Amino acid sequence: MNTETFNKIEIMQGDITILDVDAIVNAANNSLLGGGGVDGAIHRAAGTKLLDYCKGLGGCSTGEAVITPGFKLKAGHIIHTVGPVYSGKKEDAIQLGLCYKNCLKIAVENNIKSIAFPAISCGVYGYPLKDACKIAVDTTFAFLKEEKSIQHVVFIQFSLDNYKIYKDYLS
Ligand code: AR6
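Residues numbered from 1 in each chain as written. Predicted model: local features only at pLDDT ≥ 70, side-chain atom pairs only at ≥ 80, totals over all residues. Heavy atoms only, no water.

1. Here we look at the overall build of the chain
Argument step 1. Within the chain, the secondary structure is distributed over five helices and seven strands.
Argument step 2. For the chain, the sequential pattern of α-helices and β-strands runs β-β-β-α-α-β-β-α-β-α-β-α.
Argument step 3. Scaling as 2.2 N^0.38, a compact globule of 171 residues should have a C-alpha radius of gyration of about 16 Å, and the chain matches this with 14 Å.
Argument step 4. The C-alpha extent of the chain, read off along each of the three principal axes, is 40 × 35 × 30 Å.
Argument step 5. Each of the 171 residues in the chain was classed as buried or not, and the buried ones make up 46%.
Argument step 6. Working note: accessible area of the chain is about 8,200 Å², and carbon and sulfur atoms make up 52% of it. (Helix = DSSP H or I, 4+ residues; strand = E, 2+ residues; numbered from the N terminus. Rg over C-alpha atoms; globule rule 2.2 N^0.38 Å. Buried < 20%, exposed > 50% of the residue type's maximum accessible area, 1.4 Å probe, protein only. Areas by Shrake-Rupley, 256 points an atom, 1.4 Å probe, with all protein chains shown as cover.)

2. Quick look at the site of the ligand
Argument step 1. Around the ligand there are 22 residues in total, and Asn29, Gly36, Val38, Asp39 and Gly123 lie nearest to it.
Argument step 2. Contact distances for the ligand include 2.7 Å between an oxygen atom and a backbone N or O atom of glycine 36.
Argument step 3. In this structure, an oxygen atom belonging to the ligand sits 2.7 Å away from a side-chain N or O atom of aspartate 39.
Argument step 4. In the complex, 89% of the free accessible area of the ligand, which totals 700 Å², lies under the protein chains. (Near = heavy atom within 4 Å. Polar contact = N/O pair within 3.5 Å; in protein donor to acceptor, adjacent residues only side chain to side chain.)

3. Re the environment of serine 159
Argument step 1. Examined against the element boundaries, serine 159 turns out to sit in the loop between strand S7 (152-157) and helix H5 (160-170).
Argument step 2. For serine 159, a relative accessible area of 28% corresponds to the partly exposed category.
Argument step 3. In this structure the C-alpha to C-alpha distance between serine 159 and glycine 14, which are 145 residues apart in sequence, comes to 7.4 Å.

4. With respect to the nonpolar core
Argument step 1. Counting residues in each nonpolar core, the largest one holds 34 residues, and the members touching the most others are Ile79, Ile115, Phe117, Val153, Phe155 and Tyr166.
Argument step 2. The biggest single contributor to this core is helix H4 (residues 129-146), with eight residues.
Argument step 3. Apart from residues no more than four positions distant in its own chain, valine 153 is found in contact with Lys8, Ile9, Glu10, Leu104, Ile115, Phe117, Thr140 and Leu144.
Argument step 4. The next biggest cluster of nonpolar side chains, apart from the first, holds 19 residues, and it includes Met12, Leu32, Ile42 and Ala75. (Core = buried A, V, L, I, M, F, W, Y, C linked by side-chain atoms within 4.5 Å. Contact = heavy atoms within 4.5 Å.)

5. What about a nonpolar patch on the surface?
Argument step 1. Taken together, Tyr53, Leu57 and Phe71 make up a surface patch of nonpolar side chains, about 240 Å² in accessible area.
Argument step 2. Its location among the elements puts phenylalanine 71 in the loop between strand S4 (65-69) and strand S5 (77-81).
Argument step 3. Accessibility expressed as a relative area gives 31% for phenylalanine 71, which makes it partly exposed. (Patch = residues over 30% accessible without salt bridge, like charges linked within 9 Å, V, L, I, M, F, W, Y side chains within 5 Å. Salt bridge = Lys/Arg side-chain N within 4 Å of Asp/Glu carboxyl O.)

6. A word on the sheet that holds S5
Argument step 1. One open sheet holds the seven strands; their spatial order is S1-S2-S7-S6-S3-S5-S4, and the pairing between them is mixed. Looking at which strands have only one partner, the edges of the open sheet turn out to be strand S1 (3-6) and S4. The sheet shows a mean angle of 25° between the axes of neighbouring strands, direction not considered.
Argument step 2. Sheet topology note: the S4/S5 ladder contains five bridges and is antiparallel. Bridge assignment links threonine 68 to a residue of S5, and that residue is isoleucine 78.
Argument step 3. Set on the sheet, H5 makes contact with S1, strand S2 (9-13) and S7; between it and S2 the angle comes to about 160°. (Pairing = 2+ DSSP bridges. Axes fitted to C-alpha atoms, helices over the stretch in contact; angles between N-to-C directions.)

Rendered as structure tokens:
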């Protein structure tokens, strides 16, 4: 597995579902009832109790986040957020920034010290990875500057190309 550390921030290449962190983030949809991509992988790895639990949540708006137990995952929690479907408009960036910020806020509220993010919106939802990477990293750095309780943030990329984009930006 490729990995590199920049202070509290670590970038990795691999599968988010196997990470041993306090919380992993799911790039979900508004229904929270599962889907493809990282959402599908997380539901498969966490087991069917996750879907049962999500059915009781009543969905999630774009840019917001909700927390559930991790069930069968090593991670104790899953923070589900819904990224924007990329449209090329200014609001995309605002909503994507809110996803990162709201996940980090929920993490603090739940005493989570380590959290891993996939590239929210960068699969089915079509967000260009370079732009999304900048938003993810800048929003997280700004948050960590103000809020000291989170010790470790992982940005995990499935593909080597995406990993390199994060590595270049952080370097
Ligand atoms: N570990 C880490 N990253 C992953 C994994 C994994 N196991 N699997 C995929 N990725 P996507 P979105 C990467 O499409 O664009 C779902 O159907 C993937 O390569 O999962 O926010 C939901 O239900 C990509 O870089 O999420 C929604 O309907 C990134 O995760 C919709 O897709 C995000 O890709 C959300 O679309």
